[in-house]
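Commentary on secondary and tertiary structure
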Amino acid sequence: MSKLDVKMNKAASKLSVQMTGTIDEDVDFAQFDLSGNQAIEMELAGVKSINSCGIREWIKWMGTAGAADITFANCPKVIVDQINMVDGFLPNSAKVSSFFVPYYNDDSGSEKNVLFRYGSEYKEGSVTPPASVKDEDGNEMEMDVIEAKYFKFIKK
């Protein structure tokens, strides 16, 4: 039983791919054909983890998309980390339309993922975080990442 659930929905020349679960050595991307699409949107909010075997399979799979414009949407931290660390994880023809940034508050122990959207909280080469992020109790929260590393893919 695969630990990754992939739903593909083709509308006109755009393919939407929604992923939930774990990308690891058991993943079989061969059954999910990316070729022949002008645009592919990868909805990645549900990806929980990815390991080195999964990364290798991912890069091979992305290579099958050809010249498609690929958009990565709602990337969780596990995906952002790979985009920043692994050459080719984000194909040259791909861009990130939105991703989550973890925030926390030391005093309350609360954590929250804040969605950064292209054209709103970031654009090519720059990031403009929200002026203030608060938890449910109104406590001020801080970014729970090293900005220089986490936003590296934006600065390229």
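Here's what I pulled together on the structure shown here.

1. Re the sheet that holds strand S7 (residues 111–117)
Overall, antiparallel pairing links the 3 strands, which are arranged S7-S6-S10 in an open sheet. Sheet topology places S7 and strand S10 (142–143) at the edges, where each strand pairs with a single neighbour. When strand S6 (residues 98–104) meets S7, the two strands line up antiparallel, connected through 7 bridges. Of the residues in S7, the one forming a bridge with Phe 99 is Phe 116.

2. Here's the deal with the sheet that holds strand S1 (residues 4–11)
Read across the sheet, 5 strands follow the order S1-S2-S3-S4-S5 without closing on themselves; strand pairing throughout is mixed. The open sheet terminates on both sides in strands that have one partner only, identified here as S1 and strand S5 (94–96). The sheet shows a mean angle of 20 degrees between the axes of neighbouring strands, direction not considered. With respect to the sheet, helix H1 (residues 52–62) is in contact with strand S2 (14–23), strand S3 (39–50) and strand S4 (69–73), its orientation differing from that of S3 by roughly 175 degrees. Packed onto the sheet, helix H2 (residues 77–85) meets S3, S4 and S5 and runs at close to 110 degrees relative to S3.

3. Remarks on the environment of Asp 135
Here Asp 135 shows up in the loop between strand S9 (126–127) and S10. Sequence separation of Asp 135 and Gly 54 is 81 residues, and the distance between their C-alpha atoms is 33 Å. Not counting residues up to four positions away in its chain, the partners in contact with Asp 135 are Asn 105, Ser 108, Ser 110 and Met 141. Within the structure, the side chain of Asp 135 is placed 2.9 Å from the backbone nitrogen of Asp 137, a separation counted as a polar contact.

4. Focus on the side chain of Ser 110
By the secondary structure assignment, Ser 110 is in the loop between S6 and S7. Residue classification places Ser 110 among the buried positions, given a relative accessible area of 18%. Those residues within four positions of Ser 110 in sequence are excluded, and the remaining contacts are Tyr 103, Tyr 104, Asn 105, Asp 135 and Met 141.

Definitions and limits used
Residues numbered from 1 in each chain as written. Predicted model: local features only at pLDDT ≥ 70, side-chain atom pairs only at ≥ 80, totals over all residues. Heavy atoms only, no water. Pairing = 2+ DSSP bridges. Helix = DSSP H or I, 4+ residues; strand = E, 2+ residues; numbered from the N terminus. Axes fitted to C-alpha atoms, helices over the stretch in contact; angles between N-to-C directions. Contact = heavy atoms within 4.5 Å. Polar contact = N/O pair within 3.5 Å; in protein donor to acceptor, adjacent residues only side chain to side chain. Buried < 20%, exposed > 50% of the residue type's maximum accessible area, 1.4 Å probe, protein only.

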